[in-house]
Structures are given as structure tokens and as C-alpha cells.
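An overview of the molecular structure
Single-letter residue listing:
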Amino acid sequence: MPLESNARIAKALAERGYNAEREAVTLLAGATDPTAAIAATVDRAPDEALRITADHVREAIDHTDKSAAPPDETGQSPVETKGSSATEPGATETVADPVTTDGASAMDVDTGAASDPATADAPTVDPGTADPPTADPATADSPTADPATTDSPTADPATADSPTVDSATAADTSRDLDLRDLEVGNDMTGRSTGTGEYSDFVTTFRDRYERLSKVLRGRVNHRPAEAIANMPGGGDAAMIGLVNDVRSTKSGHWLVELEDTTGTFPALVMKDKGLADVVDEILLDECVAVEGTLADDAGILFADSLHFPDVPRTHNPGGADRHVQAALISDVHVGSDEFMADAWHSFADWLHTPEADPVEYILLAGDMVEGVGVYPDQDEELDIVDIYEQYEAFAEHLKEVPADTEIVMIPGNHDAVRLAEPQPGFNDEIRAIMDVHDARIVSNPATVSVEGVEVLMYHGVSLDEVIAELPEEKASYDEPHKAMYQLLKKRHVAPQFGGHTRVAPEERDYLVIEDVPDVFHTGHVHKLGWGKYHNVLAVNSGCWQAQTDFQKSVNIDPDAGYAPILDLDTLDMTVRKFS
Ligand code: D5M
Ligand code: FE
Ligand code: ZN
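Residues numbered from 1 in each chain as written. Chains lettered and ligands numbered in written order. Predicted model: local features only at pLDDT ≥ 70, side-chain atom pairs only at ≥ 80, totals over all residues. Heavy atoms only, no water.

1. Notes on the coordination of the zinc ion (ligand 3)
Only Asp367 (OD), Asn413 (OD1), His459 (NE2) and His524 (ND1) from the protein reach the zinc ion (ligand 3) as donors, at distances of 2.1 to 2.3 Å. Each donor residue of the zinc ion (ligand 3) belongs to the same chain, with the gaps between them written as D-x45-N-x45-H-x64-H. A separation of 3.2 Å is found between the zinc ion (ligand 3) and the iron ion (ligand 2), which share Asp367 as a coordinating residue. In this pair, Asp367 sits in the loop between strand 11 (359–364) and helix 11 (387–399) while Asn413 sits in the loop between strand 12 (406–409) and helix 12 (428–433), placing the two residues 46 residues apart along the sequence. Given a relative accessible area of 1%, Asp367 falls into the buried group. (Donors = N, O, S within 2.8 Å, 3.2 Å for Na, K, Ca; no water. Helix = DSSP H or I, 4+ residues; strand = E, 2+ residues; numbered from the N terminus. Buried < 20%, exposed > 50% of the residue type's maximum accessible area, 1.4 Å probe, protein only.)

Here is the structure:
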């Protein structure tokens, strides 16, 4: 990649200890000899300067120019504008092929909890095409890839925005850091108390029950298991509990056993009650409510209805009060042979263009690096075999991102933290390596409030489990956002215990979705998908890793090199393609 690329310039300045204004970077990228221009700028910058400004660059270039060549006769700035790398041959086709949600309506699709899954939401990922995250043209509400509505830098290299030194460019390149507002909540880093004892699990499940039963309490007039067992038979009763067991009976009904703090109680869901669809969605250990009639001997509850804690349909999401955006990405997998460095460079380069000016935040939902020993024979596909070197390489890639971008990172299952969830943020050694752009490193999951938008970040390991357990139409790799809807419905990011997803006992169940988020951001399955569930935008990022041999063997066809860009003011999404 040539030094002319904005990202490389920013990195070169960062290596010399400088932050840089975006316009300064653009000017340097457009200089006749960027290497010399950087040297001159750094040389002439005031000693106390921490940030290279456009004026520093102009002054340095002016000075170099005056001492080396006659003044430019046109009277224009002597900076030659060659165009950013986004407009250079070779880079053009790799940058920004935006798929936009066509206005708010495209994203307003509300797939009701019990609504017909066939009519469910718009942005589908078509596994049959080479360009996976295209909208389904047959669905009227789908976000369509309409190039006319977007300002694609691929449009015409000749007219595409070559950086000029006029004031218009200068005006839109300065970001007002004072307008930013980023707060992290629910970070459990440093608060792990679990010792792995049995009693710790009891505490975690009690907390889960306490907090989720609260959500259900308003909806049913429930009694504890112990009290129900002592009630006279034949009357109405309701119970809230964690699901202990679900079995189908010989006659095609289902037996659902619930547990609360006083004991367990069985509910029988008869096949003619029209609840098959609901029973299909039940996962072990999640919190549900059952309402029905007690058998004459009060030994079993005949269920009439079943409720999940769910997200209220009245949820009213917040929004930024200015036009500002966040890139929601994950699964970079630096260190893997298949890490797509070129796609990442294109993304980082794009972030330096005026078009990406509103992208002031990057949320990274885990799997920063490929890690070591994550799956059998992984070492055969490693480009970097040392985990620390992987993080060092990742940090270098992060430096390509504009220095004034706010970054929030949570770990994933490939990262160097404990595998069991909740995963604390990285240890000090790894933090020191990734000490780039003052990134906020928090636990998985974590909640982040970005300019009034509440984002729940979770890496997504339980999505594999939800996809494996539920019927295809409710959760699949091709529509990962639907699996996310299920987690929202259960108000828990990893309901099922003891299966694929490892859960660590803590005094609090950090995996409960206590407050309804405005945006739910996950990754892990390496599939791009997004949609709205009861006004909550669910976004699963793709990845920056091409298909590994391992993924080939298990039939995973990743969506690699896409960056979903979220408008924080409207909660509209645009997906940009960099591969
Ligand atoms: O996960 C990328 C995807 O690969 C995700 O959907 C899980 C899947 N995966 C990972 N490991 C396995 C095993 N052992 N069997 C089946 N599927 C798997 P990532 O976290 O990036 O590896
Ligand atoms: Fe991953
Ligand atoms: Zn993962």
C-alpha cells in the first residue's frame, strides 16, 4: 500500500507521536512527495504540538516549496492533489459499495413475537449470491442497494472527491470532540467474584430469576412452586420459573418443568393449544411464565399461555441530536492467514475520507485476533503464531483508523481472556499493547451509551446455540439477526447453560438484558444481518477473515469485509463493502 494512503499517513504520524487533523492527513496524502512532506511537517511543527494541523502542513509545504522551487504561478496552493487512495486505480473497486437501508421505513419492520415468521423482516442475506448481504428484491420492505441514494466513491474516479485545499474541505474535516458522549455501563472487568463453586452457580441463577421474573411479574399473577403444590386442584394458577426441562410426551404434548426459588413444578402444554410455535422457542434455563389451570390433584399445570420476558413493543429508542455515525464491526482475526488486510486497509482509508467524517465511533464486538489453540489444527492457518504479536499487529491496524475516532472493544472467544461468559476486558499486558486511540476496553457483554443511543455489545457465542436449537425460520446463519431477536425476547444473551456456551458463575448474572437496548450489536457467526425487533435494531457484523479451511469443513461461508455504519441520529444503517 502506497504511503499516499491517508491511513498510512496517519499511522506514520502516529509513529512519530502525533495525532493529526483529518485535513492535515489529506493534504499530506496529496503532496508530491508525501514522505518528504511528513518529514518537513514534523520538523517544522511547534515543539509543544501534539496534533498536526492543516496549517502546520501548509506552512511546511510552503516553506519547502519556497526554498526548493519558484512559487506556483497559478496562485493556488502548491500542494498537488493527487486524490486519496480511494480514487486510485486498484483501490476503487475495493472501497465502499454501500447497501443502504432505504430510509427509516426499511428498518421499521417489526416482527412481532408471535407473528408469522414468513412475513418477518427485511434485510435478508442471500446465501446463493456471491455478494451475500444483498437485500431480497421480492420483499417490498427490504433495504435496497440503490447507488443513487448514496454518495459512493466508486462512482467516477475522475470526479470522485480528490482532496482540494479549499475551505469547504477544511470545514468538514474538523470534528468537535466536545460534542461526543460515550459512557460504558455494566462492565464487569475486575469484578469477577466466581470461584467455580456450586454455590456460585446458585447465586447466579437466583439473580437471573430475580431480575427476569420482575419483568414478567406484571403480566401474570404468579405463585411460587411450593404454594402452587398446596393449592386446591382445578383452579387457575400461574408460575414464573427457569426452564428445567422440556420433553415431548408420547401423545404429542409437551411437558415443561419450571423451577423457582421454592422448588419445581411441571406444566403440560397440550398439542391443541396452538402453542407449538412458542414451545419451539424455549431454551433450557431461560426464564418464562406459564398460566393455566391446575389438575384436580394439583399435581400439574395445564398451560393456556406461555410468556417470555421480551421487549415491550412500546420501546422508544433514543437518538443522537446531531448527525454522527458509528461503525459496528467485529471478528477482525488478525494473525490468521485469512485476515483480509487489504479490505481492512480500504476500510481504514475510507475512514479518512470526507464521506466518513461523521463516523466518530467504532464499536468492535470481539475476536480482535485469531488467537492460538482455539480449534484443532488452527496453527496450520496462523500467519502470526504468538498471541502477543497478534495483538501488536492488531494495534498497528488500529492505528490506521483516524486518531480521533472513539473506539470501544469487547473480547470474543478467540481473544486472550477467559472463555466463559461474562468475559472480562483484557488484562493489563494486552491493554498496553492495544493502547491505541485511548480505546475503551470492556467486558463481553457490555452496554455502551453513545450520544443517547444505548448499545448492548455481545460477542455472540450463544448465537451458535440458538441457531442449533431453534427451527431454521426462527434462527439461521443466513439471518443471524433473527437469532438475536430470540435473545432479546429472552432478555438474556446466553440463556442455555451447560451447552456450547460456557458461562462463569458470578454473584450477579451479567448476561441478563436488564435494560432494553436501542441497538444490539453482536458478531461471532461471521455473517452480516440486521433488522428491527420491537424497535430494537439488531446488527450482527460480518468479519475481516476470509473462509478458513476449518470453516469450509463445517460449511461456514463468511460475509467478510463489510462495515455496517449506523446513523446514531436516525438509527438507519448503511453497509459498506471493502472487499
Ligand atoms: O466463529 C466463527 C463461526 O464458526 C461461528 O459461527 C462458530 C463457528 N465455529 C467455531 N468453532 C466451531 C466448531 N468447533 N464447530 C463448529 N462451528 C464452529 P469464531 O469464533 O470466529 O471461530
Ligand atoms: Fe470470529
Ligand atoms: Zn467468535
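2. A look at the coordination of the iron ion (ligand 2)
Coordination of the iron ion (ligand 2) by the protein involves Asp331 (OD), His333 (NE2), Asp367 (OD) and His526 (NE2), with metal-donor separations of 1.9 to 2.3 Å. As a motif over one chain, the donors of the iron ion (ligand 2) read D-x1-H-x33-D-x158-H.

3. So, the site of ligand 1
Surrounding ligand 1, one finds Asp331, His333, Asp367, Asn413, His414, Asp464, Tyr477, His524, Val525, His526, Phe550 and Ile556. Taking His524, its side chain carries an N or O atom lying 2.9 Å from an oxygen atom of ligand 1. Within the side chain of His526, a nitrogen or oxygen atom sits 2.8 Å from an oxygen atom of ligand 1. The protein chains hide 77% of the 470 Å² of surface that ligand 1 would expose on its own. (Near = heavy atom within 4 Å. Polar contact = N/O pair within 3.5 Å; in protein donor to acceptor, adjacent residues only side chain to side chain. Areas by Shrake-Rupley, 256 points an atom, 1.4 Å probe, with all protein chains shown as cover.)

4. With respect to the confidence of the model for the protein chain
Scored by pLDDT, the protein chain has a mean of 83; 80% of the residues are at 70 or more. Across residues 100–172, where pLDDT falls below 50, the model places 127 contacts with residues more than four positions away in sequence or in other chains. (pLDDT = per-residue confidence, 0-100. Contact = heavy atoms within 4.5 Å.)

5. Digging into the packing of aromatic side chains
This model, assessed by the stated rule, comprises 11 aromatic pairs. Note on Tyr485 and Tyr533: the rings are 5.3 Å apart at their centroids and 20° apart in plane angle, and the pair reads as stacked. With Tyr485 in helix 14 (residues 480–490) and Tyr533 in strand 17 (residues 529–533), this pair connects stretches of sequence that are 48 residues apart. A residue is classified by how much of its surface remains accessible, and Tyr533, at 3% relative accessible area, is buried. What links up through ring pairs into an aromatic cluster is the set Trp344, Phe347, Trp350, Trp544 and Phe578. Sitting over the ring of Tyr361, Arg180 keeps its end group 6.0 Å from the ring centre. (Phe/Tyr/Trp six-rings, centres within 6.5 Å; stacked < 30°, edge-to-face > 60°. Lys NZ or Arg CZ within 6 Å of the ring centre and 35° of its normal.)

6. Thoughts on a negative patch on the surface
A surface patch of like charges, here negative, comprises Asp337, Asp377, Asp379, Glu380, Asp383 and Asp549. Positionally, Asp377 belongs in the loop between strand 11 and helix 11. Residue classification places Asp377 among the exposed residues on the basis of a relative accessible area of 51%. (Patch = residues over 30% accessible without salt bridge, like charges linked within 9 Å, V, L, I, M, F, W, Y side chains within 5 Å. Salt bridge = Lys/Arg side-chain N within 4 Å of Asp/Glu carboxyl O. Lys, Arg positive; Asp, Glu negative; His and termini not counted. Charge placed at Lys NZ, Arg CZ, Asp CG, Glu CD.)

7. Side note on the sheet that holds strand 4 (residues 182–185)
Taken together, six strands build an open sheet; the order of strands is 4-14-15-16-18-17 and the sheet is mixed. Because the sheet does not close on itself, it has two edges, and the strands there are strand 4 and strand 17. The sheet shows a mean angle of 20° between the axes of neighbouring strands, direction not considered. Helix-sheet contacts for helix 14 involve strand 16 (519–522), strand 17 and strand 18 (536–540), and the interaxial angle to strand 17 is about 35°. (Pairing = 2+ DSSP bridges. Axes fitted to C-alpha atoms, helices over the stretch in contact; angles between N-to-C directions.)

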